[in-house]
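# Results of the structural survey
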Amino acid sequence: MREVAVIGIGISKFGELWDQSIRDIFAEAALSAMKNANIKKIDALYVGSMSSGLYTMQEHLSSLMTDYIGQRGAAGFRIESACASGGSAMRLAYLEVASGMSDIVLAGGVEKMWDVDDGSAILATASDQEYEAYHGVTFPGLYAMMAKLYMHRYGLTREELAQIPVISHKHAVNNPNAQYPFEITVDTVLKSSLVADPLRLMDCSPITDGAACVILCPLEMAKDFTDKPVKVKAVGAATGTIALHDHKDIIRLDAVRLAAERAYKASGLSPQDIDFVEVHDCFSIAQILVAEELGFFSFGEGGKALAEGQGTYGGKIVINPSGGLKAKGHPVGATGIAQIVEAVIQLRGEAGKRQVNNAKFGMTQNMGGSGGSCVVHILEAL
Ligand code: COA
């Protein structure tokens, strides 16, 4: 296998993009990634999208996007693994370059979620239709059950849980692409409308339009295109059970643990080596559970540690310098690639006010559903 580098990145604004269609949003990110990589031609394109058909009535993104960005003839693939679609597209693009099959490959993700009135039912297609969605439980409800159990078992208070989105919003203030780049307080969280007890509006990632793309090539070729290549050091992927009630313990995310173990093993690194991580905080409780499964905190201790600031600048590890899904936004199919974009920005030292000092190793963790699938990447500054 060849070593692989990211040589270009592109990302659209995240938010309500009423003036752009799904192809416009993707093309903006893709063309900006190609420009950033100084390339004019790609061999293959992988686009992650959870549900472009239901959100916009547009399927066949492999052909549409490849053609629309001026790359007709290149190999094209659309990848779906719910909210982990972007991370999955990245893994497959990485494999295509590592295997020697192609030299220049674009890995992207896109979702346009605001074009429908109520996307909850669409998001719920990523849960178990027969045993969860059919009975009316959507993702806020599933994560609310996880939050209730965690709070009960480990004594995490509602106020402590509220600190998680407060910190995410603080980080997003310095991210020009973020959907909600403003600060909030614990009071804002506690007074926001109840979505699924105990989770409130401000505990939830929002509905978002957006796209992100990266360009990959063999590491040995990377210096031909950029002075600042970022190495894809390792990838780990795993599946878990799609239904929450089938988890051995509903607050344990086996797919995350397995994916992380595989990435750590492939890289020879351990949690202590990682300088920052972009995690899949689709709900405030998710950030805690994921940070524990990735090995940054012991089980049951992550909640209080994060509430005390151990996941922000000056703490044990910087979590979601971008603002995360909560404040940067969560265009589901694009999220996994947006995490890679943030990691590359940090590892190039281009993150401005949100820069993590001396960042050498960055991790991304992208998850589908309530832990049904997960992809973890480790990237390295060279
Ligand atoms: N953070 C900050 N502000 C938010 C917000 C968020 N997460 N979500 C909405 N807002 C703001 C909106 O901008 C809007 O402000 P405005 O009135 O000034 O325009 C207001 O709050 C109401 O927003 P709206 O979108 O009408 O709320 P909603 O009740 O329709 O939807 C949720 C809120 C939480 C139900 C919806 O965002 C949601 O389902 N999120 C979860 C998505 C999800 O499950 N993703 C997959 C995870 S696995």
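Not measured: the values here are computed from a predicted model.

## Some details on the site of the ligand
Surrounding the ligand, one finds 15 residues, the nearest of these being Y180, L201, C204, S205 and K326. One of the side-chain nitrogen or oxygen atoms of Y180 is found 3.1 Å away from an oxygen atom of the ligand. C204 places a main-chain nitrogen or oxygen 2.7 Å from a nitrogen atom of the ligand. Here the ligand loses 64% of its free accessible area of 940 Å² to cover by the protein chains. Here the residues of the shell around the ligand sort into twelve nonpolar, two polar and one charged. Lining the shell around the ligand are residues from two domains, each supplying at least three of them: domain 1 (4-118 + 207-230) and domain 2 (138-202 + 233-381).

## What to know about the domain arrangement of the protein chain
It is common to report an interface's size as the accessible area lost on association of the parts. Partitioning the protein chain into domains gives domain 1 (4-118 + 207-230) and domain 2 (138-202 + 233-381). Just the C-alpha atoms count here: the centres of domain 1 and domain 2 sit 23 Å apart. At the interface, 42 residues of domain 1 touch 33 residues of domain 2. Between domain 1 and domain 2, roughly 2,900 Å² of surface is buried when both sides are summed, and carbon and sulfur atoms account for 67% of that area. Contact with domain 2 buries surface across domain 1, with F14, C83 and V230 losing the most and accounting together for 24% of the total. Counting every contact that joins domain 1 to domain 2 gives one salt bridge. The partner of E350 in a salt bridge is K228, with the nearest N and O atoms 3.4 Å apart. Where domain 1 touches domain 2, the interface holds 14 residue pairs in polar contact (both at pLDDT 80 or more). Broken down by element, the residue count for the side of domain 1 that touches domain 2 peaks at seven residues, all from helix α4 (residues 85-98).

What counts, and where the lines are drawn
Residues numbered from 1 in each chain as written. Predicted model: local features only at pLDDT ≥ 70, side-chain atom pairs only at ≥ 80, totals over all residues. Heavy atoms only, no water. Near = heavy atom within 4 Å. Polar contact = N/O pair within 3.5 Å; in protein donor to acceptor, adjacent residues only side chain to side chain. Areas by Shrake-Rupley, 256 points an atom, 1.4 Å probe, with all protein chains shown as cover. Nonpolar A, V, L, I, M, F, W, Y, C, P; charged D, E, K, R; others polar. Domains from an automatic or database assignment. Contact = heavy atoms within 4.5 Å. Buried area = accessible area lost by both parts, 1.4 Å probe. Salt bridge = Lys/Arg side-chain N within 4 Å of Asp/Glu carboxyl O. Helix = DSSP H or I, 4+ residues; strand = E, 2+ residues; numbered from the N terminus.

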